[in-house]
Amino acid sequence: MSVVGGTMGAMASRPTRSLSLSQARRVALRAQGLDRPRPVRPGPATMRHLQQVVDRLGLLQIDSVNVVARAHLVPTFSRVGPYDPALLDRAAGRAPRRLVETWAHEASYVPPETWALLGWRRRAYRDHAWGVIREVPLRYSPLVDDVLAMIAADGPLTASQVHARVEGDAPRDRSEWGWNWTAAKRVLEYLFFTGQVTSARRNPQFERCYDLTERVLPPHVLAAPEPDDDTAVRSLLAIAARAHGVASERCLLDYFRLRGPRARAAVRDLVADGTLEPVTVAGWERPVYLHAEADLPRRATGRALLSPFDPLVFERRRLEELFGLRYRIEIYVPEAQRVHGYYVLPFLRGERLAALVDLKADRKAGLLRVHAAHPAPAAQDQAVRPTGGDDGPGAVADDLAVELRLLAGWLGLDDVVVGDRDGTPRGTLAPVLAGALAAV
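Residues numbered from 1 in each chain as written. Predicted model: local features only at pLDDT ≥ 70, side-chain atom pairs only at ≥ 80, totals over all residues. Heavy atoms only, no water.

Asks: I would appreciate a short explanation of the overall build of the chain in the present structure.
Replies: Helix and strand counts for the chain come out as 19 helices and 14 strands. The globule rule puts the C-alpha radius of gyration for 440 residues at 22 Å, and the 23 Å found for the chain is close to it. Seen through its principal axes, the chain has C-alpha atoms that stretch 70 × 60 × 45 Å. Considering only intrachain contacts with a sequence separation of at least 6, the fraction spanning at least 24 residues in the chain is 69%. As displayed, the chain has an accessible area near 19600 Å², and 51% of this comes from carbon and sulfur atoms. One way to put it: in the chain the 59 positive side-chain charges average out to a point 2 Å from where the 52 negative ones average out. (Helix = DSSP H or I, 4+ residues; strand = E, 2+ residues; numbered from the N terminus. Rg over C-alpha atoms; globule rule 2.2 N^0.38 Å. Contact = heavy atoms within 4.5 Å. Areas by Shrake-Rupley, 256 points an atom, 1.4 Å probe, with all protein chains shown as cover. Lys, Arg positive; Asp, Glu negative; His and termini not counted. Charge placed at Lys NZ, Arg CZ, Asp CG, Glu CD.)

What follows is the structure in structure tokens.
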């Protein structure tokens, strides 16, 4: 059932109704495809199911961290269950491509039509790219032309292949901590950011194979006129609004890393044309917007482990306001200062984030290791919810054990074990989870 009953006029910009926090959560979970159990199917999910996830989310963030699985692979698993990751390789690596790489919410896979909406960012790279890319035309101007010609003649090529060809003229500079890119890599990332090349595919080492963009994008995208900047930004915000269901302006802008007067004006335009309705959400001290096609399910009954890069948890303030969870990735936090662990996944259970589990896929041993399991901080309205029975540690652990077994099977791992590196279970939920896993 749609929450929004009709189109608003341009003057109807003040909130006329309120959502409880529970209602806002359920709207958000429905928008993300996480409000109900995954459908039971006789076999693994198909390309059609992957496409449905992409259509709903609008993007899949890419990250090279592979502690459990690559970041872009997990959101589809969270929503549809086990599937062959080769589907995503095919969608992004073979013509006609359903996905292409670009800078969206960080490096991301997006539909080719969305790539076309980001032309303003590519043209304004001096305002949006970081220094190591902005400086390329000044520091490496002759190399830019050489690399572009090399890819035109012999692409797709990886950065290491391009570096091998130009190494004599541009050896690796190891003087800068964190950005020890070769000159070839810097030039390629500049060409990638500005859209002159893109990734034709990823190789088994997860390196981009760069090719001319005109050889990667589908012909209908190349042939279509590029929208003007205002239209493009409005279209990006509309994608973000649909993916959120309900969101603040900050949430909407964060989805595609938008900023500035144009982006804020686009939010007002979407209110004026009825795409967004201003509402209030209990406990949120800032303007909130509801998408015109947002649905409010009566209950949220889904279960899923969520990647740290899942769109539901992108914007940490939103996550805290919706679910009462202050969450951060602790990879770069010294071990002694970590609160929940190195690579922690929230466990969604119904409309609560019920647990936090520090996971590692030990592929050599064939094990999914649960280094720690903690009950998550309660949602803000927890006082009106029971803390035992169906919401107690035993029930949470039982459901989490099923999800962990499913995840391990999808990753090709033989078993799930609870315990830190020395075998000690960490977190108050860990002993209960160990018992639940034994019973599954």
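Still to come is the rest of the account.
Asks: Explanation requested: the nonpolar core in the structure shown.
Replies: Residues L237, F256, L258, L359, L400 and L404 are the most contacted members of the largest nonpolar core, which totals 119 residues. Ignoring anything within four residues of it in the chain, the contact list for L237 reads L252, L253, L258, A263, A266, V267 and L270. The next biggest cluster of nonpolar side chains, apart from the first, holds 30 residues, and it includes A24, L325, Y327 and A376. (Core = buried A, V, L, I, M, F, W, Y, C linked by side-chain atoms within 4.5 Å. Buried < 20%, exposed > 50% of the residue type's maximum accessible area, 1.4 Å probe, protein only.)

Asks: Can you help me understand the environment of Y210 in this one?
Replies: Here Y210 is to be found in strand 6 (residues 208–212). A residue is classified by how much of its surface remains accessible, and Y210, at 1% relative accessible area, is buried. Sequence separation between Y210 and P156 is 54 residues; the distance between their C-alpha atoms is 4.9 Å. Those residues within four positions of Y210 in sequence are excluded, and the remaining contacts are I151, G155, P156, L157, T158, A159, K185, L188, E189, F192, V197 and T198. A polar atom in the side chain of Y210 sits 2.5 Å from the side chain of E189. (Polar contact = N/O pair within 3.5 Å; in protein donor to acceptor, adjacent residues only side chain to side chain.)

Asks: Would you explain helix 18 (residues 393–410) in this entry?
Replies: For the α-helix, the turn length of 3.6 residues means that residues three or four positions removed from each other point alike. If you check helix 18, its first and last C-alpha atoms are 25 Å apart, about what 18 residues at 1.5 Å a residue would give, namely 26 Å. Those residues of helix 18 that sit buried are A395, V396, A397, D399, L400, A401, E403, L404, L407, A408 and W410. (Expected span 1.5 Å × (residues − 1).)

Asks: What should I look at first to understand the environment of A438 in this one?
Replies: Here A438 is to be found in helix 19 (residues 430–439). Its relative accessible area of 69% is what places A438 among the exposed residues. Each C-alpha atom, one on A438 and one on A401, is 8.9 Å from the other, the two residues being 37 residues apart in sequence.

Asks: Help me out: how do you make sense of the packing of aromatic side chains in this one?
Replies: Ring pairs (aromatic) are described by centroid distance and by the angle formed between their planes. Per the counting criterion, the structure on display carries nine aromatic pairs. Each ring, one from W103 and one from F193, has its centre 6.4 Å from the other, and the planes form 35°; the classification is tilted. Residue W103 is located in strand 3 (residues 100–104), and its partner F193 is located in helix 12 (residues 183–193); the two are separated by 90 residues in the primary sequence. Side by side, W103 and F193 carry an identical accessibility label, which is buried. Its end group placed over the ring of W181, K185 keeps NZ or CZ at 5.5 Å from the ring centre. Of note, R286 hangs over the ring of W284, and the distance from its end group to the ring centre comes to 5.7 Å. (Phe/Tyr/Trp six-rings, centres within 6.5 Å; stacked < 30°, edge-to-face > 60°. Lys NZ or Arg CZ within 6 Å of the ring centre and 35° of its normal.)

Asks: Explanation requested: unusual backbone geometry in the structure shown.
Replies: If a residue is not glycine, its phi is most likely negative; likewise, a peptide bond is most likely trans. With omega at -10°, the peptide bond leading from A95 into P96 counts as cis. Residue P156 follows G155 across a cis peptide bond; omega there is 5°. For P156, the position within the fold is in the loop between helix 10 (141–154) and helix 11 (159–166). The backbone phi angle of E106 is positive, close to 65°, even though this residue is not glycine. Structurally, E106 can be placed in strand 4 (residues 106–110). What makes E106 partly exposed here is its relative accessible area of 32%.

Asks: How should empty space enclosed by the protein be read in this particular structure?
Replies: The probe, sized like a water molecule, is rolled over the atoms to show the empty space still left. Taken as a whole and judged by the stated rule, the model has one cavity of 30 Å³ or more. Counted as a void, the largest cavity has a volume near 40 Å³. In terms of lining, the largest cavity is formed by T102, W103, L118, R121, R122 and F193. Looking at the lining of the largest cavity, the elements that each hand over two or more residues are strand 3 and helix 6 (119–123). Here the residues of the lining of the largest cavity sort into three nonpolar, one polar and two charged. (1 Å grid on protein atoms, 1.4 Å probe; cavity = no way out; pocket = protein on both sides within 12 Å on 5 of 7 lines; lining within 4 Å. Points joined across faces, edges and corners; volume = space filled by probe spheres on them. Nonpolar A, V, L, I, M, F, W, Y, C, P; charged D, E, K, R; others polar.)

Asks: Any chance you could explain the pattern of salt bridges here in plain terms?
Replies: Pairs can form between side chains of opposite charge once their charged atoms are near each other. On inspection of all chains with the given rule, the structure shows 32 salt bridges. Here R139 and E135 are joined by a salt bridge, their closest N and O atoms 3.1 Å apart. As a salt-bridge pair, R426 and D358 come within 3.5 Å of each other at their nearest N and O atoms. A residue pair is termed long-range when its members are at least 10 positions apart, and R426 in the loop between strand 14 (415–418) and helix 19 and D358 in strand 12 (residues 352–362) qualify at 68 residues. Residue D358 is classed as buried on the basis of its relative accessible area, which comes to 3%. When salt bridges that share partners are traced, they join R38, R303, R349, D399 and E403 into one network. (Salt bridge = Lys/Arg side-chain N within 4 Å of Asp/Glu carboxyl O.)

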